[in-house]
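# Commentary on secondary and tertiary structure
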Amino acid sequence: MRFISLFGILFLLSLTSMSQGILRGKITNSINNQGIPFANVILLNTDLGAISDEEGNYEIVNVPPGLYNVRASYVGYKSSTSYEIQVSLAKPVQLDFSLTEDASELSEVVVSSEFTRSEETPLSVRKLNTNEIERYPGGNRDISRVIQSLPGVASTPSFRNDILIRGGAPNENRFFVDEIEVPVINHFSTQGSSGGPVGILNVNLIKSVDLITGGFPANRMNGLSSFFEIQLKEGRRDRMATQLTVGASELTLSNEGPLSKKTTYSLSARRSYLQGLFRLLQLPFLPTFNDFQLKTTTKINEKTELTFIGLGAIDQFALNEDVPDEETLEEKENRLYLLNVLPVQSQWNYTTGAKLKRFRDNGFWTFVLSRNMLNNESYKYAGNQEGDEKNLLFNYRSQESENKFRAENSIFGKGYSLKYGVNLEYSRYLIDNFDRAVLSQAGGTIDFQATSKYTSYGAFLSGTRNWLGDRLLLSGGIRMDGSDFAKTASNPFNQLSPRVSVSYQLKSNLFATANAGIYYQRPAYTILGYQNSTGAFVNQDSDVRFIRNAQLIGGIEYLVPDKARRYTAEAFYKRYSYYPTSIRNGISLANLGADFGAIGNEPVLSNSIGRAYGLEFLAQQRLYNNFYGIASLTLVRSEFTNPNSNGMIPSSWDNQFIVSMTAGKRFGKNWELGGRWRFLGGTPYTPADINASSLRENWDLRNAAILDFSQINGVRLKPFHQLDLRIDKRYFYDRWNLNWYFDIQNAYNFQAEQAPLILPVRDAQGNLTVNSTDPSRYQLKSILNPAGSLLPTVGLIVEF
């Protein structure tokens, strides 16, 4: 009732309103950053437009509130269209365009910026703009969830944000924000992987996201499945503006504006209130997350631009041992099981970085300096009896810190481009690890403290060339990477990464594309920094290798620019080498899966091979006649070898098929309705070893089942599907805007199958029951563990 009353109050306060909005910005040359005078800017399907002045600035007035597709064009340049630009009355829209010279002819070339085919990466690139991210049904304004509608991207029925692309693991993805690498983009992140339940990035400040799933550019390193190129909005140049977002689980405040004539800023802070909500619901765990985000842009002069970003998060995960007022015996067993398994966890991370861009007539230099750090701590006491060291099961603390420098020179000529650069990285990994829970499998307690330092280095050279009147595009590059964590890895010629792409224009809007490349990724710090009881870095001594991935991709793309429509089909094949395997369990880490905590903190060998292959189909409709949609189908297989089994077996990421359909319709009076349906094949999992798990000495130590690695990924879950719906309503007033939304995840409450839980049988007092025929064992039982519940969410966004 209080929430409904808030809507009513805000509506009644809005007694006056303007009728028109303003759109303004600057049009520049993408190569030298000079303003383009006398360029045309039009709002498609309207009579509204403007011409830029001598410095490239433009302004369009008397624009009714709403969504528009805006095109900028000039003779001799490739025209650019920005889709779904929201015009309101609260503040003028700031929309800048960067146009690229067209070398083939002195005439306007109309190309949608949303469908622009990068010369360096002409295939396997998907784009999302800020409106798509914000309104995505079931996405909860989280970029990690929004990209699940794209081909090749698998999702899970759980509440985690693991990004699984083309049969690859979550730790094979890399994220760049304004060209600065950000290793962690999720709260409660899995160390050695990338997943987590909630994204860190505030979508209020995101301008666009490019997802590259193949044909990677040579200036990007250390990734095998994808690279995310995230561009943040530049702060407003005219005045300060604020946005307040109230969601189901958090409160977000964003602010932007000018600091001086040459410097703008944008910042946000978010605070969750999940802990209080979960306590009211009497759940056994209490998560809390906070994050911040900052960007400043300084135009030192016409040729020099300095960008600074800062991102960070603080996460706490506590246990709630309060006894509910009423609970059944089954509910009690489940609650006690979670309390005995879940650790107390705290985690924080940050990334800061500066990018200096120096333009000249035929290109620009880019210099990037950054630092990032992740601190991860967790512990668990038997029976949660803290303070008694005899009850300590494990105590884990680690820190990863990286200091990075990168320099790149981009050169552009008539029909060609050339880019080269170098990178240097100094990193430190600190670990303090005590773990008694591996006794039953490894035969001893882990107890060590270690600090290791690494220097990594790389260089690249790449280029593009247009032929046959720009119908044929060839692009290629080579990079080499090295690191001093092991003997083989220290020689960069052992990690030589060539790549080549070709694109041929069969018809005016029909393109055939292909790519071949070899890519390398450094193992996780949890692997590199592992130390045994004698103090030896066993993985470094065993000459652990960079993971190698050779890829082949072929595809076709058909564009319908006048209707903002796109169709693509791609086939891909990925071959893995030197993938780490667990010596302790005798399995490839690709078959281990991902969960909270850390992955790879154990002895490994670089002796597993694998493959992932499949087909992707995409049909995409940008906003056209108030309708938008995207449909994708992916057929994929992912398989890896294990030391203790013959041949390849399905990996933990082997979904087999992925279907995703998203569509939306805008109605009169600023109403919008959207929906998403997804259908995915079930992934394999490793069943529990009941015989080993039931031993009292094992269960008392672990409070969880021991997996039967002789049946690694021997059981497959059933497919799951889910429908998400969302309704948006916007109000535009004189000095502020109001947007409320109602989002329903899993609208028909589908219960997805998960691996069953193995629980001990308890008596009425909650004590574990001993097996009457074998006193050395507990009585265990298997219960269903479905995932998925109907989750309604109401949100409120206020801009002023």
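None of the values given here were measured: they were computed from a predicted structure. (Residues numbered from 1 in each chain as written. Predicted model: local features only at pLDDT ≥ 70, side-chain atom pairs only at ≥ 80, totals over all residues. Heavy atoms only, no water.)

### A look at the overall build of the protein
Here is the rule: Comment: elements are numbered from the N terminus, with helices defined as DSSP H or I runs of at least four residues and strands as E runs of at least two. Here the globule rule reads 2.2 Å times residues to the power 0.38, and the radius of gyration is calculated from C-alpha atoms. Burial status follows relative accessibility: with a 1.4 Å probe on protein chains alone, a residue under 20% of its type maximum counts as buried, one over 50% as exposed, and anything between as partly exposed. Contacts are residue-level and defined by heavy atoms, with any inter-residue pair within 4.5 Å sufficient. Under the convention used here, Asp and Glu are negative, Lys and Arg are positive, and both His and the chain ends fall outside the count. Charged groups are reduced to one reference atom each: NZ for lysine, CZ for arginine, CG for aspartic acid, CD for glutamic acid.
Regarding its fold elements, the protein presents 11 helices and 46 strands. Taken against the 2.2 N^0.38 rule, which gives 28 Å for 800 residues, the C-alpha radius of gyration of the protein at 27 Å falls within 12% of a compact globule. C-alpha atoms of the protein, sized along the principal axes, occupy 90 × 65 × 45 Å. Counting all 800 residues of the protein, 57% fall into the buried class. Here the contacts in the protein between residues at least 6 apart in sequence split such that 67% fall between residues at least 24 apart. Averaging the coordinates of the 80 positive side-chain charges in the protein and doing the same for the 78 negative ones gives two points 4 Å apart.

### Observations regarding the packing of aromatic side chains
What counts here: Side-chain rings of Phe, Tyr and Trp, where Trp is taken by its six-membered ring, are said to pair if the distance between their centres is within 6.5 Å; with planes under 30 degrees apart they count as stacked, over 60 as edge-to-face, and otherwise as tilted. Distance and angle both matter: a charge sits over a ring if NZ of Lys or CZ of Arg is within 6 Å of the ring centre and within 35 degrees of the ring normal.
Inspection of the entire model under this criterion finds 26 aromatic pairs. Between the aromatic rings of Phe364 and Phe412, the centroid separation amounts to 5.9 Å while the plane-to-plane angle is 40°, which identifies the pairing as tilted. One end of the pair, Phe364, is in strand 25 (residues 363-381); the other, Phe412, is in strand 26 (residues 392-413), and 48 residues separate them in sequence. Judged by relative accessible area, Phe412 falls into the partly exposed class, the value being 31%. Pairwise contacts between aromatic rings join Phe176, Phe216, Phe227 and Tyr519 into one cluster. One Lys or Arg, Arg545, reaches over the ring of Tyr578 and ends 3.9 Å from the middle of that ring. Just above the ring of Tyr741 sits the side chain of Arg726; from NZ or CZ to the centre is 4.0 Å.

### Observations concerning the pattern of salt bridges
Selection rule: Salt bridges are defined as contacts in which a side-chain nitrogen from Lys or Arg sits within 4 Å of a carboxyl oxygen from Asp or Glu.
Considering all chains together, one arrives at 43 salt bridges under this definition. For Arg135, the salt bridge is made with Glu672, and the minimal N-O distance between the two is 3.7 Å. Of this pair, Arg135 sits in helix 2 (residues 130-135) while Glu672 sits in strand 39 (residues 671-680), and the two are 537 residues apart along the sequence. As a salt-bridge pair, Glu179 and Lys355 come within 3.2 Å of each other at their nearest N and O atoms. Within this pair, whereas Glu179 is found in the loop between strand 13 (173-177) and strand 14 (180-181), its partner Lys355 is found in strand 24 (residues 344-360), the two being separated by 176 residues in sequence. Overall, the relative accessible area of 8% leaves Lys355 in the buried class. Sharing partners across several salt bridges, the network here consists of Arg174, Glu181, Glu402, Lys404, Glu425 and Arg522.

### Side note on unusual backbone geometry
A positive phi angle, near 60°, is found at Asn62, a position not held by glycine. Mapped onto the elements of the fold, Asn62 is located in strand 4 (residues 57-63).

### With respect to a nonpolar patch on the surface
How we decide: Like-charged residues within 9 Å of one another, or nonpolar side chains (Val, Leu, Ile, Met, Phe, Trp, Tyr) within 5 Å, are grouped into patches, provided each residue has over 30% relative accessible area and no salt bridge. In this description, accessible areas are obtained by the Shrake-Rupley approach with a 1.4 Å probe, and a residue is regarded as covered only by the protein chains that are shown.
Taken together, the side chains of Ile300, Leu306, Leu356, Phe367, Leu369, Phe405 and Leu424 define a hydrophobic patch exposed on the protein surface, amounting to about 560 Å² of accessible area. Within the secondary structure, Ile300 is located in strand 22 (residues 285-301).

### Comments concerning the environment of Arg666
Basically, it comes down to this: Counting of polar contacts relies on pairs of N or O atoms within 3.5 Å, with two restrictions inside protein: one atom must be capable of donating a hydrogen and the other of accepting it, and residues adjacent in sequence are counted only when both atoms are side-chain atoms.
By the secondary structure assignment, Arg666 is in strand 38 (residues 657-667). Take Arg666: its relative accessible area is 7%, and that puts it in the buried class. For the pair Arg666 and Asn626, spaced 40 residues apart in the sequence, the C-alpha separation amounts to 5.0 Å. Not counting residues within four places of it along the chain, the set of residues in contact with Arg666 comprises Leu67, Leu623, Asn626, Trp671, Glu672 and Arg730. A distance of 2.6 Å separates the side chain of Arg666 from the side chain of Glu672, its partner in a polar contact.

### Some thoughts on a negative patch on the surface
Taken together, Asp53, Glu54, Glu55 and Glu302 make up a surface patch of like negative charges. By secondary structure assignment, the location of Asp53 is in the loop between strand 3 (49-51) and strand 4.

### Notes on the confidence of the model for the protein
The following threshold applies: Each residue gets a pLDDT score, which is the predictor's confidence in that residue and runs from 0 to 100.
In the predicted model, the protein carries a mean pLDDT of 87, and the fraction of residues at 70 or more is 93%. Segment residues 1-18: pLDDT under 50, and 23 contacts once partners within four positions in sequence are set aside and those in other chains are kept. When the criterion is pLDDT under 50, residues 105-114 qualifies, and its contacts beyond four places in sequence or with other chains add up to 34 contacts.

### Re the pairing of strand 6 (residues 77-87)
Inclusion rule: The pairing criterion for strands is at least two bridges between them, as found by DSSP.
In terms of burial, strand 6 is a largely internal element, nine of the 11 residues being buried. Two elements, strand 5 (residues 66-73) and strand 6, share six bridges in a ladder whose sense is antiparallel. The residue of strand 6 that forms the bridge with Gly66 is Val87. Between strand 5 and strand 6, which pair antiparallel one after the other, the connecting turn spans three residues, and Gly76 there sits at a positive phi close to 90°.

### Looking at helix 5 (residues 329-341)
Here is the rule: Multiplying one less than the number of residues by 1.5 Å gives the expected span of a helix.
Across its 13 residues, helix 5 extends 18 Å between first and last C-alpha, which sits within 8% of the 18 Å expected from 1.5 Å per residue. Among the residues of helix 5, Glu333, Arg335, Leu336, Tyr337, Leu339 and Asn340 are the ones counted as buried. As for helix 5, its buried residues are in contact with strand 23 (304-319), strand 25, strand 44 (757-760) and strand 45 (780-783).

### Side note on the nonpolar core
For clarity, the threshold we go by: The nonpolar core is taken to be a set of buried Ala, Val, Leu, Ile, Met, Phe, Trp, Tyr and Cys residues, with the residues joined through side-chain atoms within 4.5 Å.
With 47 residues, the main nonpolar core has Phe485, Tyr576 and Tyr579 as its most contacted residues. Contributing elements (two or more residues each) for this core: strand 27 (416-435), strand 28 (446-467), strand 31 (510-521), helix 8 (525-528), strand 32 (547-560), strand 33 (565-582), strand 35 (604-624) and strand 36 (627-641). Those residues within four positions of Tyr576 in sequence are excluded, and the remaining contacts are Gly168, Glu172, Leu224, Ser225, Ile547, Arg548, Asn549, Ile609, Gly610, Arg611, Ala612 and Phe640.

### Quick look at the sheet that holds strand 18 (residues 226-232)
With mixed pairing, five strands are arranged side by side in an open sheet as 10-17-18-13-14. Taken across any chain shown, the strands that pair with only one partner, and hence form the sheet edges, are strand 10 (125-129) and strand 14. Bridge count between strand 17 (residues 206-212) and strand 18: six bridges; the pairing is antiparallel. For Ile212, the partnering residue across the bridge sits in strand 18 and is Phe227.

### Focus on the environment of Pro284
Structurally, the position occupied by Pro284 is in the loop between helix 4 (274-280) and strand 22. Exposure remark for Pro284: the relative accessible area of 7% places this residue in the buried category. Distance from Pro284 to Leu342, taken between C-alpha atoms, is 9.3 Å for residues 58 residues apart in sequence. Not counting the four nearest positions on each side in its chain, Pro284 is found in contact with Ala318, Leu319, Asn320, Arg335, Leu338 and Leu339.

### Let's talk about the side chain of Ser427
With respect to the helices and strands, the residue Ser427 is situated in strand 27. Within the structure, the side chain of Ser427 is placed 3.2 Å from the side chain of Tyr525, a separation counted as a polar contact.

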